[in-house]
Amino acid sequence: MSVLSLIIKREFVAKVRNKSFIVMTFLSPLLMVGLVAFVAYLSTMKSDVKEIAIHDESNLFVREFKNSDEYHYLDRSNVDLKVLKDSIMAEKYEAVLYIPKVDDNKELSKKIQYISNDSPSLSYIDDLESIIAQKLTKSNFEKANLDTLAIRNAEAQVDISLAKASGEETVKGLNEIKIFIGAAFGYLIMMFIIIYGNMVMRSVIEEKTNRIIEIIISSVKPFKLMLGKIIGTSLAGVLQFVIWALLGGILLFVASVFLGINIGTSPSMSPEMMATANEGISGNMQLYVNEFRNLPIVTLLVSFIVYFIGGYFLYSSIYAAIGAAVDNETDSQQFLLPIILPLMLGVYVGFFSVLNDPHGTVATVFSFIPLTSPIVMLMRIPFGVPWWQIVVSLVLLFGTFFLVVWFASKIYRIGILMYGKKPTWKELYKWLKY
């Protein structure tokens, strides 16, 4: 058996036999499913009803406000405003909506007040303003002797249908679905890199601190040792990830079937809303199914595996070099920011550029840059990417990986034998020349 395979086996066995690894492998799915079930349970609980007192001196708006599950509106126009304010202080009402009596609607729109102890949400205030604005608009039409019914009938409702140049009908929101699929794969890669890249770094720091590395390095080349650690840790991580997926799926199924927790639907929707939504979905379901079949699923899955391997190896080599350069995790913090930034940049570029222009210059360039391509390219693939771009991106990714491994091994070779001194960026540069 080769030295590299021995190192891989040793790292894999050491990780999977670690007590904390075993505990978190089986405890994490329980915690995650428990959290999801708890959130689902909380979502079924109705929030406290907030009572809003309406003090409408104009007597125009009282009947415009309809009660909901969260807000109840009470007509308190005959109660003195000062008394209502005192009631708010006594927490009898959530708030008072004060509407003075003003003949000029334009002036009235500027004098309406919402009085409360706590600031309301912006969306709720927008709803109130919309209700009042509609009523005032209707009043303005009546004062101008305009036929409100004719105006309402004259309002146009536009529903643009989407179609491809080939003549096939398509659906709205398809770009959002594509970016969600690509983002899910990209996010998995990013989380795996961060979690298990740190594991590689801690493994190197631990061996360096315990002086075990001085014995190992006498018979193993630093390049093989670093590569073995990366591969061994990645195999342990893949095993843990598979166990999480299997246990999580089983526990979610048990929670939904035997505990009666419906995780997939929103309990806040009324039966009428659900019926309307189901009717709209069923009408376009075949179109969505057809569009899903047209997605490059095989290309996406294969690319996910290849970019996953390339991205993880690239970043893990950097993590290993950092672990060799420092004596403890505290000293490593100054070097971690340059690693996290490209990952975060890839996520932001994916959401803000790929969604709007998946084949634009920004999205295309960042799908070639090795530090961001595992995330950005996976977000672009559902939109259809020429095969040559994927090939070029992968060649750059793996080429950069071997280049970084070569540089990182030089830092690794010197850093693993350095103790008691915090390295600077200038010193790391000098190590590359040795």
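Keep in mind that what you see is a predicted model, and the values were worked out from it rather than measured.

Caption draft 1: Region of the structure containing a nonpolar patch on the surface. Taken together, the side chains of Trp 387, Trp 388, Val 391, Val 392, Val 395 and Leu 396 define a hydrophobic patch exposed on the protein surface, amounting to about 610 Å² of accessible area. Val 392 gets classed as partly exposed once you look at its relative accessible area, which sits at 33%.

Caption draft 2: Local environment of the environment of Asn 105. Its place among the elements puts Asn 105 in helix 4 (residues 105-108). In this structure Asn 105 comes out as buried when scored by relative accessible area, which is 6%. Along the sequence, Asn 105 and Leu 136 sit 31 residues apart, while their C-alpha atoms lie 6.6 Å from each other. Ignoring sequence-local partners within four residues, the contact set of Asn 105 consists of Leu 136, Ser 139, Asn 140 and Lys 143.

Caption draft 3: Inspection of the packing of aromatic side chains at higher detail. Applying the stated criterion across every chain yields a total of 12 aromatic pairs. Ring geometry for Phe 192 and Tyr 312: centres 5.3 Å apart, planes at 75°, overall edge-to-face. Of this pair, Phe 192 sits in helix 7 (residues 174-209) while Tyr 312 sits in helix 11 (residues 297-325), placing them 120 residues apart in sequence. The exposure classification of Phe 192 matches that of Tyr 312, with both residues buried. Joined through ring pairs, the aromatic side chains of Phe 185, Phe 192, Tyr 196, Phe 304, Phe 308, Tyr 312, Phe 313, Phe 401 and Phe 402 make up one cluster.

Caption draft 4: The arrangement of the confidence of the model for the protein in detail. Mean pLDDT over the protein works out to 78, with 83% of the residues at or above the 70 mark. Low pLDDT, under 50, characterises residues 264-277; the predicted model gives this stretch 4 contacts beyond four residues in sequence or across chains.

Caption draft 5: Layout of the packing of helix 11 against helix 14 (residues 373-380). The geometry of helix 11 relative to helix 14 is characterised by a closest axis approach of 10 Å and an angle of 170° between their N-to-C directions. With respect to helix 14, the element helix 11 is oriented roughly antiparallel. On the side of helix 11, the interface is formed by Leu 300, Ser 303, Phe 304, Tyr 307 and Gly 311, while helix 14 contributes Ser 373, Pro 374, Met 377 and Leu 378. Across the contact of helix 11 with helix 14, the residue classes tally to 6 nonpolar, 3 polar and no charged.

The rules behind the values
- Residues numbered from 1 in each chain as written.
- Predicted model: local features only at pLDDT ≥ 70, side-chain atom pairs only at ≥ 80, totals over all residues.
- Heavy atoms only, no water.
- Patch = residues over 30% accessible without salt bridge, like charges linked within 9 Å, V, L, I, M, F, W, Y side chains within 5 Å.
- Areas by Shrake-Rupley, 256 points an atom, 1.4 Å probe, with all protein chains shown as cover.
- Salt bridge = Lys/Arg side-chain N within 4 Å of Asp/Glu carboxyl O.
- Buried < 20%, exposed > 50% of the residue type's maximum accessible area, 1.4 Å probe, protein only.
- Helix = DSSP H or I, 4+ residues; strand = E, 2+ residues; numbered from the N terminus.
- Contact = heavy atoms within 4.5 Å.
- Phe/Tyr/Trp six-rings, centres within 6.5 Å; stacked < 30°, edge-to-face > 60°.
- pLDDT = per-residue confidence, 0-100.
- Axes fitted to C-alpha atoms, helices over the stretch in contact; angles between N-to-C directions.
- Parallel < 35°, antiparallel > 145°, perpendicular 65-115°, else oblique.
- Nonpolar A, V, L, I, M, F, W, Y, C, P; charged D, E, K, R; others polar.

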